[in-house]
Amino acid sequence: MLHPIPRAPLVPLADGHAVPQLGYGLYKVPADDAARLAGEAIAAGYRHLDTAAFYANERGTGEAVRAAEVPRDELFVTSKVWKDDNGYDETLHAFDATMRRLALERLDLYLIHWPVPSTDRYVETWRALVRLRDEGRVRSIGVSNFHAHHLERIIGETGVMPVVNQVELHPRLPQTELRAFHEARGIRTEAWSPLARGRLLDDPVLAGLAAAHGRSPAQIVLRWHVQLGNIVIPKASSPERIRENLDVFDFDLGPADLAAIAALATGERTGRDPDDD
Ligand code: NDP
């Protein structure tokens, strides 16, 4: 029997739109490989691509979307305004440049990549995103790498809630408090470096769970994200891994499995603390 192509479920956002729960992340995908690998992801069944101005591969990402034999409405594309462009006018210009590189009519989600508290421009940046959304140039707006206090500030000063906060999140850094903060406000949690950049995958607990379920350690971690309700965007460089990472919607981790993964939390980050910029 042919194995059916896996498909991530759609997760509703507070603004009425919806996002496929598992997407393909393009950080460190070289510009010359982006169109091919994003195309592999779409062919494998992914319907969500996560890029950023900083990744320098928006051109290839847009090319894959335009070349796909999938209607544009079924694909969800995210990009982000980089730290150096925080500020109102700077963000409007950065958005135009992103759309020129993507060469798409519409962007599905635009995020503030980092708050950069030292420059204190993230509230103005947020106001620019609200304008872009109100003008219909982007469907949904959100943030990335925001602590609860950064979220409180933009919500307090503008009254507009981001639909997503994309943060570092994996079994070593489960972000339990921030997830509860999001949940109370209808903000979706999106996990970046969901595999802790691959560093987690030789953990013996995960190897044991992988053997018990007949899956790979990466699939165990991605299934954990799905069961937590996270949106998750693993990156991989081979068609085999790209396919493997999406194939997590036909098994379940039990309560004891989830507890064993919860015990891996150390609070260790692979990236920067957002307050250190
Ligand atoms: P991930 O946690 O997704 O890990 C990627 C690493 O894991 C790569 O080295 C990859 O190897 C390896 N890997 C992937 N799948 C498998 C598998 N099935 N088996 C074994 N190894 C595997 O890290 P990223 O940092 O890339 O995060 C994912 C995405 O999150 C990014 O691409 C980006 O879109 C987003 N992100 C956002 C940030 C933000 O500030 N908003 C910051 C960082 C990431 P290989 O490539 O060799 O296949």
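Quick caveat, the model's predicted, so the values are computed rather than measured.

Novice: Got a sec to walk through empty space enclosed by the protein? Specific residues and values, please.
Specialist: Per the stated rule, a full pass over the model turns up one cavity of 30 Å³ or more. In this structure, the largest cavity is lined by Trp114, Asn145, Phe146, His147, Val167, Glu168, Gln175, Leu178, Trp192, Arg269, Arg272 and Pro274. Looking at the lining of the largest cavity residue by residue, the class counts come to six nonpolar, three polar and three charged.

Novice: Describe the sheet that holds strand E4 (residues 48-50), naming the residues involved and giving the relevant values.
Specialist: Across the sheet, which stays open at both edges, the eight strands sit in the order E3-E4-E5-E6-E7-E8-E9-E10 with parallel pairing between neighbours. Two strands close off the open sheet at either side, each with one partner strand: strand E3 (24-25) and strand E10 (231-232).

Novice: Break down the pairing of strand E7 (residues 138-144) for me, with residues and values.
Specialist: Across the seven residues that make up E7, a large majority, six, are buried. Bridge count for strand E6 (residues 107-112) against E7 is five bridges, and the pairing is parallel. Bridge pairing in E7 links Leu111 to Gly142. Chirality of the crossover, the property in question, places the unit of E6, helix H4 (residues 122-134) and E7 among those that are right-handed.

Novice: Run through the site of the ligand, naming residues and quoting values.
Specialist: Near the ligand there are 28 residues, and of these Asp50, Ser144, Ser193, Leu195 and Ser237 occur at the shortest range. Separating an oxygen atom of the ligand from a backbone N or O atom of Leu26 is a distance of 3.3 Å. Separating a nitrogen atom of the ligand from a side-chain N or O atom of Asn245 is a distance of 2.9 Å. Computed on the free molecule, the ligand has an accessible area of 900 Å², of which 86% lies beneath the protein chains in the complex. In this structure, the ligand is accommodated by the largest pocket. Tallying contributions element by element places helix H9 (residues 239-246) first for the shell around the ligand, with three residues. Tallied by class, the residues present in the shell around the ligand amount to 13 nonpolar, nine polar and six charged.

Novice: Summarise the packing of aromatic side chains; cite the residues concerned and give the values.
Specialist: As enumerated under the stated definition, the model contains seven aromatic pairs in all. Aromatic side chains Tyr27 and Tyr55 sit 5.0 Å apart centroid to centroid with 40° between the ring planes, which places their arrangement in the tilted category. Residue Tyr27 is located in the loop between E3 and helix H1 (31-44), and its partner Tyr55 is located in the loop between E4 and helix H2 (58-67); the two are separated by 28 residues in the primary sequence. Tyr55 gets classed as buried once you look at its relative accessible area, which sits at 13%. Three or more aromatic residues joined by ring pairs make a cluster, and in this case those are Tyr27, Phe54, Tyr55 and Trp82.

Novice: Kindly report on the side chain of Arg179, identifying the contributing residues and their values.
Specialist: Take Arg179: it is sitting in helix H6 (residues 176-185). In this structure, Arg179 is buried with no salt-bridge partner, the nearest side chain bearing the opposite charge being Glu183 at 6.1 Å. Non-local contacts of Arg179, meaning those with residues more than four positions away in its chain, are made with Leu169, Pro174, Thr189, Leu228 and Asn230.

Novice: Lay out a positive patch on the surface in plain terms, naming residues and giving numbers.
Specialist: A cluster of like positive charges, contributed by Lys28, Arg197, Arg199, Lys235 and Arg241, occupies part of the molecular surface. Tracing the backbone through its elements, the reader meets Lys28 in the loop between E3 and H1. Since its relative accessible area comes to 58%, Lys28 is described here as exposed.

Novice: Tell me what's going on with the nonpolar core, and back it up with residues and numbers.
Specialist: Membership of the largest hydrophobic core comes to 71 residues, with the highest contact counts inside it found for Tyr24, Tyr110 and Trp126. Filtering out sequence-adjacent residues up to four positions away, Trp126 remains in contact with Ile112, Ile141, Gly142, Val143, Ile154, Thr158, Val160, Met161 and Pro162.

Analysis parameters
- Residues numbered from 1 in each chain as written.
- Predicted model: local features only at pLDDT ≥ 70, side-chain atom pairs only at ≥ 80, totals over all residues.
- Heavy atoms only, no water.
- 1 Å grid on protein atoms, 1.4 Å probe; cavity = no way out; pocket = protein on both sides within 12 Å on 5 of 7 lines; lining within 4 Å.
- Points joined across faces, edges and corners; volume = space filled by probe spheres on them.
- Nonpolar A, V, L, I, M, F, W, Y, C, P; charged D, E, K, R; others polar.
- Pairing = 2+ DSSP bridges.
- Helix = DSSP H or I, 4+ residues; strand = E, 2+ residues; numbered from the N terminus.
- Buried < 20%, exposed > 50% of the residue type's maximum accessible area, 1.4 Å probe, protein only.
- Right-handed = clockwise from strand over helix to strand, strands pointing away.
- Near = heavy atom within 4 Å.
- Polar contact = N/O pair within 3.5 Å; in protein donor to acceptor, adjacent residues only side chain to side chain.
- Areas by Shrake-Rupley, 256 points an atom, 1.4 Å probe, with all protein chains shown as cover.
- Sits in = over half its atoms within 2 Å of the grid points.
- Phe/Tyr/Trp six-rings, centres within 6.5 Å; stacked < 30°, edge-to-face > 60°.
- Lys, Arg positive; Asp, Glu negative; His and termini not counted.
- Salt bridge = Lys/Arg side-chain N within 4 Å of Asp/Glu carboxyl O.
- Contact = heavy atoms within 4.5 Å.
- Patch = residues over 30% accessible without salt bridge, like charges linked within 9 Å, V, L, I, M, F, W, Y side chains within 5 Å.
- Charge placed at Lys NZ, Arg CZ, Asp CG, Glu CD.
- Core = buried A, V, L, I, M, F, W, Y, C linked by side-chain atoms within 4.5 Å.

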